[in-house]
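Commentary on secondary and tertiary structure
Each chain, letter by letter, is given below.
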Amino acid sequence: MKQNEMDKFIAHCNKYLDQDVESILHTPINLIPHIDILLYKPTEKYPYWKLITMGASDYQMPNVPNTLGYRNEYIIFISPSEEITDPNVINWYCNQLFEIAYYPVNTNSHITYGHSIEWGNDENSDMVSAFIEMPQIIEDVNFLKCKLGLLKHTIILQPILLTRDETNTLLKIGPQAYSDYLYPENNDRKHFICERY
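Note that the structure is a prediction, hence the values are computed from the model and not measured.

1. Some remarks on the overall build of the chain
Looking only at helices and strands, the chain has four helices and eight strands in total. Its helices and strands in sequence order give the chain the pattern α-β-β-β-β-α-β-β-β-β-α-α, from N to C terminus. Taking 197 residues into account, the globule formula puts the C-alpha radius of gyration at 16 Å, and the chain, at 16 Å, falls close to it. By its C-alpha atoms, the chain is 40 × 40 × 35 Å across when sized along the principal axes. Counting only residues that meet the buried cut, the chain has 50% of its 197 residues in that class. Long-range contacts, defined as pairs at least 24 residues apart, comprise 62% of the intrachain contacts of the chain with a sequence gap of at least 6.

Encoded structure:
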């Protein structure tokens, strides 16, 4: 991302999360696109840690019909009880975001709302896949789309990490029914927090 695009993206996230970014976690890996991660603390309005990729949208995914957009960034929400200052913990969550963000690049594919990515068993976690959701917990739906330039905008999607049983349920009932389970309309027991175990 160019500096002016990064400034616009951070301002967009700050506005809709109603807080300033706590820190920018710079990746030491020299991959293209270069992706950093924005870290936001829990607040009263959104009482979770928030991690957001910045730079994934430099990759324009292949054209497909019926999509939200051709460039993505990704946000995850983490329990405030997680020891996010522990390097092992924050690195694990960042690595999950990197894997998801680089998936379209590495496979020359297009991922959007309702898609899922499966990586299989991980000895350091119970999670085996991610379901790509819209970040419905954010009050203002305008958070979903960020204009970075005259002809460049990005969609901010929410990967939700799933266990093997949850993945099997997703495959059985389908993406729309699973989305309704994660964000039920008439129930405030939402299931959108990312967990390691």
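2. Focus on unusual backbone geometry
A cis geometry characterises the amide bond from Ile32 onward to Pro33, with omega recorded as 0°. As for its placement among the helices and strands, Pro33 is situated in the loop between strand E1 (23-25) and strand E2 (36-40). At Asn108, a residue that is not glycine, the phi angle is positive and equals roughly 50°. As for its position among the elements, Asn108 is in the loop between helix H2 (87-107) and strand E5 (116-118). Look at Asn108 and you get exposed, because its relative accessible area is 55%.

3. Describing the nonpolar core
Counting 32 residues, the largest nonpolar core has Leu51, Tyr74 and Tyr93 as the members making the most contacts within it. Sort the elements by how many residues they give to this core and H2 lands first, with ten residues.

4. Here we look at empty space enclosed by the protein
The final tally for this structure, using the stated rule, is one cavity of 30 Å³ or more. Size it by volume and the largest cavity reaches roughly 50 Å³. Around the largest cavity, the lining residues are Ala56, Tyr59, Met61, Asn72, Tyr74, Ala101, Pro104 and Val105. For the lining of the largest cavity, the secondary-structure elements that each account for two or more residues are strand E4 (72-78) and H2. For the lining of the largest cavity, the per-class residue count stands at seven nonpolar, one polar and no charged.

5. Section: the environment of Ile84
Take Ile84: it is sitting in the loop between E4 and H2. For Ile84, a relative accessible area of 6% corresponds to the buried category. The spatial distance from the C-alpha of Ile84 to the C-alpha of Arg71 is 28 Å, given a sequence separation of 13 residues. Apart from residues no more than four positions distant in its own chain, Ile84 is found in contact with Trp49, Ile78, Val89, Ile90 and Tyr93.

6. Some points on helix H4 (residues 175-182)
Three or more residues of H4 are buried, namely Tyr178, Ser179 and Leu182. Projected down its long axis, H4 shows its buried positions confined to an angular sector of 105°, all on one face. Along its buried surface, H4 packs onto strand E6 (127-133), strand E8 (153-163) and helix H3 (164-173).

7. So, the packing of H3 against H4
Relative orientation of the contacting elements H3 and H4 amounts to 130°, with a least axis distance of 6 Å. Between H3 and H4, the angle is such that the two are oblique. Contacts from Glu166, Thr169, Leu170 and Ile173 in H3 reach Pro175, Ala177 and Tyr178 in H4. For the contact of H3 with H4, the residue count by class is five nonpolar, one polar and one charged.

8. Re the pairing of E6
Burial analysis of E6 places seven of its seven residues in the buried class, the great majority of the element. Looking at chain direction, E5 and E6 are connected through three bridges and run antiparallel. Its bridge partner being in E6, Ser116 is matched across the sheet by Phe131. By the bridge criterion, six bridges tie E6 to E8 in an arrangement that is antiparallel. By the bridge assignment for E8, Glu133 is matched with Gln158.

What counts and what doesn't
- Residues numbered from 1 in each chain as written.
- Predicted model: local features only at pLDDT ≥ 70, side-chain atom pairs only at ≥ 80, totals over all residues.
- Heavy atoms only, no water.
- Helix = DSSP H or I, 4+ residues; strand = E, 2+ residues; numbered from the N terminus.
- Rg over C-alpha atoms; globule rule 2.2 N^0.38 Å.
- Buried < 20%, exposed > 50% of the residue type's maximum accessible area, 1.4 Å probe, protein only.
- Contact = heavy atoms within 4.5 Å.
- Core = buried A, V, L, I, M, F, W, Y, C linked by side-chain atoms within 4.5 Å.
- 1 Å grid on protein atoms, 1.4 Å probe; cavity = no way out; pocket = protein on both sides within 12 Å on 5 of 7 lines; lining within 4 Å.
- Points joined across faces, edges and corners; volume = space filled by probe spheres on them.
- Nonpolar A, V, L, I, M, F, W, Y, C, P; charged D, E, K, R; others polar.
- Arc of directions from axis to C-beta.
- Axes fitted to C-alpha atoms, helices over the stretch in contact; angles between N-to-C directions.
- Parallel < 35°, antiparallel > 145°, perpendicular 65-115°, else oblique.
- Pairing = 2+ DSSP bridges.

Treat this as a map of the structure, not an account of what it does.
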